[in-house]
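A closer look at the structure
Below, each chain spelled out in residue letters.
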Amino acid sequence: MGKILIVGPSSQLLGVRIAKLLNIDVITTETKKFPDGENYLRLNIDDESIIEGNDVIIIHTTGASVKENQNARIMELLMMISSVKRMNAKSIAVVVPYLAYARQDKIFRPGESKFANVIVRILDSFGIDKFYTVDVHAPETLNEFSIPAKNLDPMPLLASYIKSMGLKDPVVIAPDKGAVARSERFAEHIGNEIKVHYFSKERDVRTGEVEMFADVDLAGKDAVIADDIIATGGTMANAIKIAKKCGANKIIAVGTHALLLENASYRILNAGADEIIGTDSIESPVSKVSLAELIAKELK
Ligand code: R5P
């Protein structure tokens, strides 16, 4: 009896990278959509008994992409879990590098649902044994799980990438309050004396429009702006414009989960960023840092 890695359709590259590090075989999936829009997923296996009694790991990120939206990704994840449960896996560890809906962790307006917690409760109710995610929007959300749930920190990996870029006099910028702890860890991993600057952000809860304020001297500095998610690119573009105004030299936009919806990449580069760096939590041309090592270490 051993470990089996099921690589969901949204995490194929990352899944294969992890499998190589763990030296284990991979099971892939077959997916399609029914004419009414319902999702279909089956594990690519001929004999269900290969699952029975084994420790199964499922990796499947739930970010929206051009191929599927996040709701479909969640359905696919639940289908994979329920299949291996039915086939009597000995244990099920679920790795969701980007957890969709995690940003809906607070009530901003009357009548809203705290859906981040609901997603966690749904996953918990499927009888999984362990849960891993990466740089989740608000780590407290994971407290809703009744099983061990871990939020993995990609900052050391992102920091080594930044260090390899040979930036001049770098500083880290936290584009909002939520990014402060992450940016401080990031700066520590880049180097002892790296300063963190804090920008303040206000988002209109109705329109989603972002306003940002800062008054710092960045003359001659290379600025690394670090956020958990880059979605529309609005937060990043605002922070970049302000960093430019404050005199920053090079500007690097770093997002653990670079969803880069619609014209986000254009907005960010047009605002003055020199480079966008993301991880393979979301597969895209900016996935320059792989999470494979971080995740494989946990699963060993
Ligand atoms: C919000 O609190 C998050 O940490 C990110 O700043 C936000 O999700 C980025 O979204 P967007 O790219 O649409 O501004």
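Residues numbered from 1 in each chain as written. Predicted model: local features only at pLDDT ≥ 70, side-chain atom pairs only at ≥ 80, totals over all residues. Heavy atoms only, no water.

Quick notes on the packing of helix 4 (residues 155-164) against helix 5 (residues 180-190)
Two elements in contact, helix 4 and helix 5, have axes separated by 8 Å at closest approach and are oriented at 50°. Of the possible angle classes, the one that applies to helix 4 and helix 5 is oblique. The crossing of helix 4 and helix 5 is right-handed. Residues M155, P156, L158, A159, I162 and K163 of helix 4 pack against R182, R185, F186, H189 and I190 of helix 5. Among the residues making up the contact of helix 4 with helix 5, the classes are represented as seven nonpolar, one polar and three charged. (Axes fitted to C-alpha atoms, helices over the stretch in contact; angles between N-to-C directions. Helix = DSSP H or I, 4+ residues; strand = E, 2+ residues; numbered from the N terminus. Parallel < 35°, antiparallel > 145°, perpendicular 65-115°, else oblique. Left-handed = near helix turned anticlockwise from the far one by under 90°. Contact = heavy atoms within 4.5 Å. Nonpolar A, V, L, I, M, F, W, Y, C, P; charged D, E, K, R; others polar.)

Focus on unusual backbone geometry
Backbone geometry at N88 places phi at a positive 60°, although glycine is not the residue there. The residue N88 is located in the loop between helix 2 (70-86) and strand 6 (91-96) in this model. For N88, a relative accessible area of 46% translates into the label partly exposed. Its identity is not glycine, yet E262 carries a phi of approximately 45°, on the positive side. (Buried < 20%, exposed > 50% of the residue type's maximum accessible area, 1.4 Å probe, protein only.)

Overview of the pattern of salt bridges
Considering all chains together, one arrives at 16 salt bridges under this definition. Across the pair E144 and R121 runs a salt bridge whose closest N-O atoms are separated by 3.0 Å. In this pair, E144 sits in the loop between strand 7 (130-134) and strand 8 (149-152) while R121 sits in helix 3 (residues 115-125), placing the two residues 23 residues apart along the sequence. Its relative accessible area of 30% is what places E144 among the partly exposed residues. (Salt bridge = Lys/Arg side-chain N within 4 Å of Asp/Glu carboxyl O.)

Some remarks on the domain arrangement of the protein chain
Taken as a whole, the protein chain is organised into domain 1 (3-153 + 290-299) and domain 2 (155-280). Across the contact, 17 residues belong to domain 1 and 15 residues belong to domain 2. Buried area between domain 1 and domain 2, summed over both chains or domains, comes out near 1600 Å², and the portion from carbon and sulfur atoms is 53%. With its nearest N and O atoms 2.8 Å apart, the salt bridge here joins D153 to R185. Counting across the domain 1 and domain 2 interface gives ten residue pairs in polar contact (both at pLDDT 80 or more). Where the side of domain 1 that touches domain 2 is concerned, the elements lending two or more residues are helix 1 (12-22) and helix 8 (292-299). Residues that form the side of domain 1 that touches domain 2 fall into these classes: eight nonpolar, three polar and six charged. (Domains from an automatic or database assignment. Buried area = accessible area lost by both parts, 1.4 Å probe. Polar contact = N/O pair within 3.5 Å; in protein donor to acceptor, adjacent residues only side chain to side chain.)

Comments concerning the nonpolar core
Formed by 38 residues in total, the largest nonpolar core has its most connected members in I18, I162, F186 and I295. Residue assignment places this core across two domains, with domain 1 (3-153 + 290-299) and domain 2 (155-280) each supplying three or more. Not counting chain neighbours up to four residues away, the residues in contact with I295 comprise L14, I18, I59, V95, P97, V134 and L152. Membership of the second largest hydrophobic core comes to 37 residues, among which are I27, I58, V94 and I147. (Core = buried A, V, L, I, M, F, W, Y, C linked by side-chain atoms within 4.5 Å.)

Quick word on helix 2
Taking 1.5 Å of rise per residue, the 17 residues of helix 2 would be expected to cover 24 Å, and the 24 Å separating its terminal C-alpha atoms lies within 8% of that figure. Here helix 2 has its buried residues at A72, R73, I74, E76, L77, L78, M80, I81, S83 and V84. On its buried side, helix 2 packs onto strand 1 (3-7), strand 3 (29-33), strand 4 (39-43), strand 5 (55-59), strand 6 and helix 3. Two residues or fewer past helix 2, N88 is found with a positive phi of approximately 60°. (Expected span 1.5 Å × (residues − 1).)

A word on the sheet that holds strand 1
Spatially, six strands are ordered 2-1-5-6-7-8 in an open sheet, and the strand pairing comes out parallel. With partners counted over all chains shown, the strands left at the sheet margins are strand 2 (26-27) and strand 8, one partner each. Pairing analysis gives four bridges linking strand 6 to strand 7, with the strands arranged parallel. Bridged to V96 within strand 7 is T133. Those strands touched by helix 1 are strand 1, strand 2 and strand 5, and its axis lies near 160° from that of strand 1. (Pairing = 2+ DSSP bridges.)

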